[in-house]
Amino acid sequence: MFTFKQFVVEQDRCAMKIGTDGVLLGAWAPIDNHPFSILDIGTGTGIIALMLAQRSAAQQIDALEIDEAAYEQATDNFENSPWNDRLFCFHAGLDEFIEEPEDEYDLIVSNPPFYSEDYKTENESRDLARFQDAMPFEQLLEAADLLLSENGIFAVIIPFKEEENFMALANEFELYPLKITRVKGTPTTEIKRSLLAFSRNETTDLPIDELVIETARHVYTPEYIELTKDFYLKM
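So, here's what we can say about the structure. Worth saying up front: this structure is predicted, and the values here are computed from it rather than measured.

1. As for the packing of aromatic side chains
At step 1: Under the criterion given, the structure shown has twelve aromatic pairs.
At step 2: Geometrically, the ring pair formed by Phe4 and Phe7 is stacked, given 4.9 Å between the ring centres and 25° between the ring planes.
At step 3: Overall, Phe4 belongs to the buried group, its relative accessible area being 2%.
At step 4: Classification of Phe7 as buried rests on a relative accessible area of 4%.
At step 5: Taken together, the ring pairs in this structure connect Phe2, Phe4, Phe7, Trp83, Tyr220, Tyr224 and Tyr232 into an aromatic cluster.

2. Here we look at the pairing of strand 8 (residues 176-184)
Along any regular strand the residues' side chains alternate between the sheet's two faces.
At step 1: In the sheet, strand 8 pairs with strand 9 (residues 191-199) via eight bridges, with the strands oriented antiparallel. In the sheet register, Ile180 faces strand 9, and the bridge partner there is Leu196.
At step 2: What sits between the antiparallel neighbours strand 8 and strand 9 is a turn of six residues.

3. Regarding the environment of Ala53
At step 1: Considering the arrangement of structural elements, one finds Ala53 in helix 2 (residues 47-55).
At step 2: Taking the C-alpha atoms as reference points, Ala53 and Phe160, separated by 107 residues in sequence, lie 27 Å from one another.
At step 3: Filtering out sequence-adjacent residues up to four positions away, Ala53 remains in contact with Ile61, Trp83, Arg86 and Leu87.

4. Comments concerning helix 7 (residues 163-172)
Owing to its 3.6 residues per turn, the α-helix aligns residues three or four sequence positions apart on the same side.
At step 1: Glu163, Phe166, Leu169 and Ala170 are the residues of helix 7 that are buried. Looking straight down helix 7, one finds its buried side chains confined to an arc of 130°; they lie on one side. Summarising the geometry of helix 7, the exposed residues directed more than 90 degrees from the buried face are Glu164 and Glu172.

Rules and cut-offs
Residues numbered from 1 in each chain as written. Predicted model: local features only at pLDDT ≥ 70, side-chain atom pairs only at ≥ 80, totals over all residues. Heavy atoms only, no water. Phe/Tyr/Trp six-rings, centres within 6.5 Å; stacked < 30°, edge-to-face > 60°. Buried < 20%, exposed > 50% of the residue type's maximum accessible area, 1.4 Å probe, protein only. Pairing = 2+ DSSP bridges. Helix = DSSP H or I, 4+ residues; strand = E, 2+ residues; numbered from the N terminus. Contact = heavy atoms within 4.5 Å. Arc of directions from axis to C-beta.

Rendered as structure tokens:
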């Protein structure tokens, strides 16, 4: 169980536990366009959708999860939250969800499966959660293009080494970068993650910044504290 300031997340049935990536995206995803509707693709525990329910006034927050155990867990986490009237989880894969799209979304977020390397473990549901085979970037971008409202924002967190490739693919779908934050664990380590936000409108002035999480073990930077303080109990 993971206790945040305004909600609790149970994660015993989820292959992918709550990690920094999900919390980063949930806290960072731009809501400047005052989204009415939000979609979280591959919700896992539901953490990102829950954070966005806390941060925004969105009336419709839908989440999508293909793994049955994770779907049930996310549904329970939504029902036990203060925003259960605004959160809904679909048990479906992205491909079936976009076959008959009924809604457009003002904000779409995803912490997609990463490791596209050939490495697999014995735990199939963890592999499904971690591997890109389950949700290739092209499929994710195609869905974003299909489901994003005219002034919508699409936000993801991906490995930094995939950033260039992801941006090129997004460009093919006429999704243009709106904001980029590159994440490092400590000041001396390499950039590990990219937080990317896209919209349908090209911008000439693209803000790019860097976020360092800690200066030493459990010594968090002021920037990271500022970003996550509304969520973590001890921030």
